[in-house]
Amino acid sequence: MGLLVNGQWHDKWYDTKSSNGEFKREAAQLRNWITPDGEPGLSGEGGFMAQKGRYHLYVSLACPWAHRTLIFRTIKGLEEYIDVSIVSPDMLENGWTFDKAASSTGDALYDSEFMHQLYSKNKADYTGRVTVPVLWDKYQQRIVSNESSEIIRMFNDAFNHLTGNALDFYPQHLRNSIDEINAFIYENINNGVYRTGFATSQEAYEQAFGQLFNALDKVEHLLSENQYLVGDTLTEADWRLFTTLIRFDAVYVGHFKCNKRTIESYPNLSNYIRALFQYSGVAKTVDFYHIKRHYYFSHTMINPTQVVPQGPDIDYSTRHNRAS
Ligand SMILES: N[C@@H](CCC(=O)N[C@@H](CS)C(=O)NCC(=O)O)C(=O)O
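What comes next is a walk through the structure. (Residues numbered from 1 in each chain as written. Predicted model: local features only at pLDDT ≥ 70, side-chain atom pairs only at ≥ 80, totals over all residues.)

Thoughts on the sheet that holds strand β2 (residues 8-11)
Then, in step 1: Strand order in the open sheet made by the three strands is β2-β1-β5, with antiparallel pairing throughout. At either margin of the open sheet sits one strand with a lone partner, and together these are β2 and β5 (128-129).
Then, in step 2: The pairing of strand β1 (residues 2-5) with β5 spans two bridges and is antiparallel. Bridging across to β5, Leu3 finds its partner in Arg129. (Pairing = 2+ DSSP bridges. Helix = DSSP H or I, 4+ residues; strand = E, 2+ residues; numbered from the N terminus.)

A few points about helix α6 (residues 202-225)
Then, in step 1: With 24 residues, α6 should cover 34 Å at 1.5 Å per step; its first-to-last C-alpha distance of 35 Å lies within 8% of that length.
Then, in step 2: Those residues of α6 not exposed but buried are Ala208, Phe209, Leu212, Leu216, Val219 and Leu223.
Then, in step 3: For α6, the secondary structure elements touched by its buried residues are α5 (175-197) and α8 (267-277). (Expected span 1.5 Å × (residues − 1). Buried ≥ 20, exposed ≤ 12 C-beta atoms within 10 Å, placed from the backbone. Contact = placed C-beta atoms within 7 Å.)

Here we look at the site of the ligand
Then, in step 1: Around the ligand sit 13 residues in total, of which Cys63, Trp65, Arg129, Thr131 and Ser148 are the nearest.
Then, in step 2: Partitioning the shell around the ligand into residue classes produces seven nonpolar, four polar and two charged. (Near = placed C-beta within 6 Å. Nonpolar A, V, L, I, M, F, W, Y, C, P; charged D, E, K, R; others polar.)

What to know about the pairing of strand β6 (residues 134-137)
Then, in step 1: Every second residue of β6 is oriented toward a common face, with Val134 and Trp136 on one face and Leu135 and Asp137 on the other, all of them buried.
Then, in step 2: Where strand β3 (residues 55-59) and β6 come together, four bridges link them in antiparallel fashion. Bridging across to β6, Leu57 finds its partner in Leu135.
Then, in step 3: Bridge count between β6 and strand β7 (residues 142-145): three bridges; the pairing is antiparallel. Of the residues in β7, the one forming a bridge with Asp137 is Arg142.
Then, in step 4: Remark: four residues form the turn of the hairpin made by β6 and β7, two consecutive strands paired antiparallel; Gln141 in that turn has positive phi of roughly 50 degrees.

Points about the sheet that holds β7
Then, in step 1: Within the open sheet, the four strands sit side by side as β4-β3-β6-β7. Their pairing is mixed. The two strands at the open ends of the sheet, each matched to only one other strand, are β4 (82-86) and β7. Between one strand axis and the next, the sheet turns by 35 degrees as a mean value, whatever way the strands run.
Then, in step 2: Two elements, β3 and β4, share five bridges in a ladder whose sense is parallel. Among the inter-strand pairings, His56 is bridged to a residue of β4, identified as Asp83. (Axes fitted to C-alpha atoms, helices over the stretch in contact; angles between N-to-C directions.)

Details of the environment of Tyr55
Then, in step 1: Take Tyr55: it is sitting in strand β3.
Then, in step 2: By the C-beta count within 10 Å, which is 25 here, Tyr55 ends up buried.
Then, in step 3: Sequence separation of Tyr55 and Gln306 is 251 residues, and the distance between their C-alpha atoms is 35 Å.
Then, in step 4: Leave out the neighbours within four places in its chain, and Tyr55 touches Ile34, Ile82, Leu135, Trp136, Asp137, Lys138 and Val144.

Some words on helix α2 (residues 115-122)
Then, in step 1: Burial in α2 covers these residues: Met115, His116, Leu118 and Tyr119. The buried residues of α2 occupy one face: seen down the axis, they fall within an arc of 155 degrees.
Then, in step 2: Buried residues along α2 sit in contact with β1, β2, β3 and β6. (Arc of directions from axis to C-beta.)

Function cannot be inferred from these measures alone, as they are strictly geometric.
So, in C-alpha cells, the structure goes:
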C-alpha cells in the first residue's frame, strides 16, 4: 500500500493521525469523460470519443468501486467494446500488482508489473494514491478517468449509439432522487464500512459504526415499501449499494468489525441482494476468492497473520421474494 510522489513510489499506509483516527478518502484526480462525439464531458478535457476497442479497464475484483464499473460494462453490453485487466488481490508494499502467480490476468496492454507504472506513464510526475478502477485510452496512451462513479455514467450512455443498448440507470426524471440517495449511501455505507474498519481510535470507530447501522436500518425500511432504492425503477443507486452489500457478510462483518448484524439477518436486504445478484450477467462479476483474499491478506495492520477465513457459506442464487 502506498502512493506516488512526483512519479516516485512510496510505501505508506493511510495517515489517520492528523484526523483523530478517522479515515479520510482522497478524491480521484483524473476526471475526463468518454462522450459519443469526443466533446468534453462534465469535467476534464475532450478528445475521448466512444469507439469499439479503444478503451481498456483496469480493475480489482476485490474492490467495490471497481466492481461497479465491471457491472456496468456487463449490463450495458460493453464486454466486446472494452477489454479488462485484473490486478492481483494482494496489495502490499508495491500497491496493486499484475503478478500472474498471484491471480492477476497481467497487464494486457503493456505487461507492467505494477499499477503505479500506468499512473506514471500517464503523467511522469504524478502525485497521489494509485487506485483502481482506471479507464485507459489506448490511442492517446493515457488515463481517461480513475473515478468509478463517473465511469459508470459514461458506460450508461456514451456507447448507446454503438451497442444499441438503451437501458438507462440514471434516467433524467429520477436524477435528483438518485443523487440524494447516492450521497447518503456513499457517506454512511459505501465509505462507511471503510471508515469503520480503518478507524484507529475507539471514538472514530464507534461514530462510523453507529452511522453505518442506522443507515442500513433506514435502507431496510425503504425496501419494505419500494422494490428498489428509488421507487420501482432499478437505477445506478442500487448497483452502487450492491457492491458493498455483497462484501458485507464475507468481509466487513469480521475484518472491518461491522458486526452489529449481517445482511443475511435483514429480511428485505437479504432478498434484495439476491435479486441484484441474479440480474443477468451480474453473478459472474462477483469473485469471493479475490474479495476475501484482498482484504484479509493485504491489510496487515488489521490482520497481521494474513489468515483468510473460510466462511461464511452463503448462497446468493437461492429464490428471493422481490418482483423481477
Ligand atoms: N474514488 C475512487 C476510489 C477508488 C479506491 O479507493 N479504490 C481502492 C480499492 S477498493 C484503491 O485502489 N485503493 C488503493 C489506495 O488507496 O492506495 C473511485 O470510486 O473510483
